[in-house]
Amino acid sequence: MGTFVNNAWYVAAWGNEVRRELLPRTLLGQQILLYRKENGEAVALVDRCPHKLAPLSLGELKGDSVQCGYHGLTFDCSGTCIRVPGQRNIPTEAQVRAFPVMEKYNAIWVWMGDPEQADTTAIIDVPHYGDPGWGLVDGQYLHFKSNYLNITDNLVDPAHTSYVHKNTIGNAAGEEVGVKVEQSDSHVLAYRWINDAPQVPLVERMGKLAGNVDRWQYYYLHLPSISYVDFGCIPVGTEPTEANKDRGFRSFSFNFLTPETESTTHYFWLHLRNYHPDDPQASDDVARLMNQTFEEDATLLEFIQREQERTGVREYARIAIDNAPLRIRRQIERLQSKEQSAEAAAMDCEAETAIR
Ligand code: FES
Ligand SMILES: [Fe+2]
């Protein structure tokens, strides 16, 4: 069994990637075709002609429809075949699966599971998005050569920042500070405070605070694979209320993980900050430093993925900071078995109808 959860909204692309042309992309192991209709709405279809399985993305866009490049079968944006050249009748099997699509936060979201369960209100809330007091860096993308669950392990693991990200968001002050964990049905949270400690390099570079600080790291993993990190710092001894945190140095970092295959992942990210919101130099610095940070993770996780594939083992030893990653893996298994039970019930129902 694979590791994917289908019933969820996944970022398939940034909005500006999807245009009036055919864009192929692999999501959760499936070949998907993305394009925009004449009215600008985005469409997601399976990228496979039901005739001889040619990729539809090698065909042509005709108005809002797609014409296969092999023999010209044409499908509208709901995946219904509307033309078979040279004949009047259209076989019932000549149908392509269409996926529910939403556009939000400048991203194209696709629901990969049962369309009946696609709740358009269920896309995660991104606080301060569009707020003029907060600087935004978005449209960012990295390709990770690792299973998405190795990345979710990493994204509820604030402890690794002391070692992997010494040049950006971590320093030695956090090495001995434990991590606390909480969870609900929708997320797992790993967090800690590192008090009266030197600023990390990214904070120092932005020059908003002076001297030692109290620093927080709140790493949320919204199931199945959206990471949301609230991190920042306030002057030593400041009461850690939300208002005081907003007055200090604060960032919200969102990482939208979309599995590509079992060993590769699309990593879309955006970042909101409450310092120098209108300063393009600050935006450039954030983009560069966060890309550097995530590339450090990508390099490490690629080695880990390769070693997992070579040995067939995920870990030989377990330590306290693995609590949150372990909870995520259990929650993923719970979501997968829920999907499998629903599929089995639907198949039983179909079989019963057939023998009546
Ligand atoms: S393979 Fe698409 S029309 Fe024949
Ligand atoms: Fe990291």
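Bear in mind that the values here come from a model prediction, so they are computed numbers and not experimental data.

Q: Sorry, what's going on with the domain arrangement of the protein here?
A: When the parts come together, some accessible area is lost, and that loss is often what is quoted as the size of the interface. According to the domain assignment, the protein consists of domain 1 (9-117) and domain 2 (135-334). A straight line from the C-alpha centre of domain 1 to that of domain 2 covers 34 Å. Summing the contributions of domain 1 and of domain 2, the shared interface buries around 1,100 Å²; its carbon and sulfur component is 69%. Remark: the boundary between domain 1 and domain 2 carries zero salt bridges. At the level of secondary structure, the elements contributing two or more residues to the side of domain 1 that touches domain 2 comprise strand S1 (9-14) and strand S2 (23-27). Here the side of domain 1 that touches domain 2 takes five residues from S1, the largest share from any one element.

Q: For this particular structure, what's the right way to read the environment of Gly-113?
A: With respect to the element layout, Gly-113 can be found in the loop between strand S11 (107-111) and strand S12 (135-144). Separated by 108 residues in the primary sequence, Gly-113 and Val-5 have C-alpha atoms spaced 8.1 Å apart. Setting aside its immediate chain neighbours within four residues, Gly-113 contacts Asn-6, Asn-7 and Arg-97.

Q: What am I meant to see in the sheet that holds strand S15 (residues 213-222) here?
A: Paired through backbone hydrogen bonds, the strands of a sheet run either parallel or antiparallel to each other. One open sheet accounts for seven strands, arranged S12-S18-S17-S16-S15-S14-S13; its pairing is antiparallel. Of all the strands in the sheet, just S12 and strand S13 (180-183) have a single pairing partner and so form its edges. Across the sheet, the mean angle separating the axes of adjacent strands is 15° when strand polarity is ignored. The pairing of strand S17 (residues 249-261) with strand S18 (residues 264-273) spans ten bridges and is antiparallel. The partner of Asn-255 across the bridge, within S18, is Trp-269. Relative to the sheet, helix H1 (residues 148-155) contacts S12, S15, strand S16 (226-235), S17 and S18, its axis offset from that of S17 by approximately 165°. Here helix H5 (residues 280-311) sits on the sheet in contact with S12, S17 and S18, set at roughly 25° to S12.

Q: What is the right way to read the nonpolar core from this model?
A: Proteins that are soluble and globular tend to have nonpolar side chains buried together. In this structure, Leu-34, Leu-56 and Met-112 are the most contacted members of the largest nonpolar core, which totals 47 residues. Those elements that provide at least two residues to this core are S1, S2, strand S3 (30-36), strand S4 (42-46), S11, H1, strand S14 (187-197) and helix H6 (323-355). There are two domains that each give this core at least three residues, and those are domain 1 (9-117) and domain 2 (135-334). Once you skip the residues sitting within four places of it in the chain, Leu-56 turns out to touch Leu-22, Leu-33, Val-46, Asp-47, Arg-48, Cys-49, Val-66, Cys-68, Phe-75 and Val-96. By size, the runner-up hydrophobic cluster in this structure holds 28 residues, among which are Leu-142, Leu-209, Tyr-219 and Tyr-267.

About the criteria used
Residues numbered from 1 in each chain as written. Chains lettered and ligands numbered in written order. Predicted model: local features only at pLDDT ≥ 70, side-chain atom pairs only at ≥ 80, totals over all residues. Heavy atoms only, no water. Domains from an automatic or database assignment. Buried area = accessible area lost by both parts, 1.4 Å probe. Salt bridge = Lys/Arg side-chain N within 4 Å of Asp/Glu carboxyl O. Helix = DSSP H or I, 4+ residues; strand = E, 2+ residues; numbered from the N terminus. Contact = heavy atoms within 4.5 Å. Pairing = 2+ DSSP bridges. Axes fitted to C-alpha atoms, helices over the stretch in contact; angles between N-to-C directions. Core = buried A, V, L, I, M, F, W, Y, C linked by side-chain atoms within 4.5 Å. Buried < 20%, exposed > 50% of the residue type's maximum accessible area, 1.4 Å probe, protein only.

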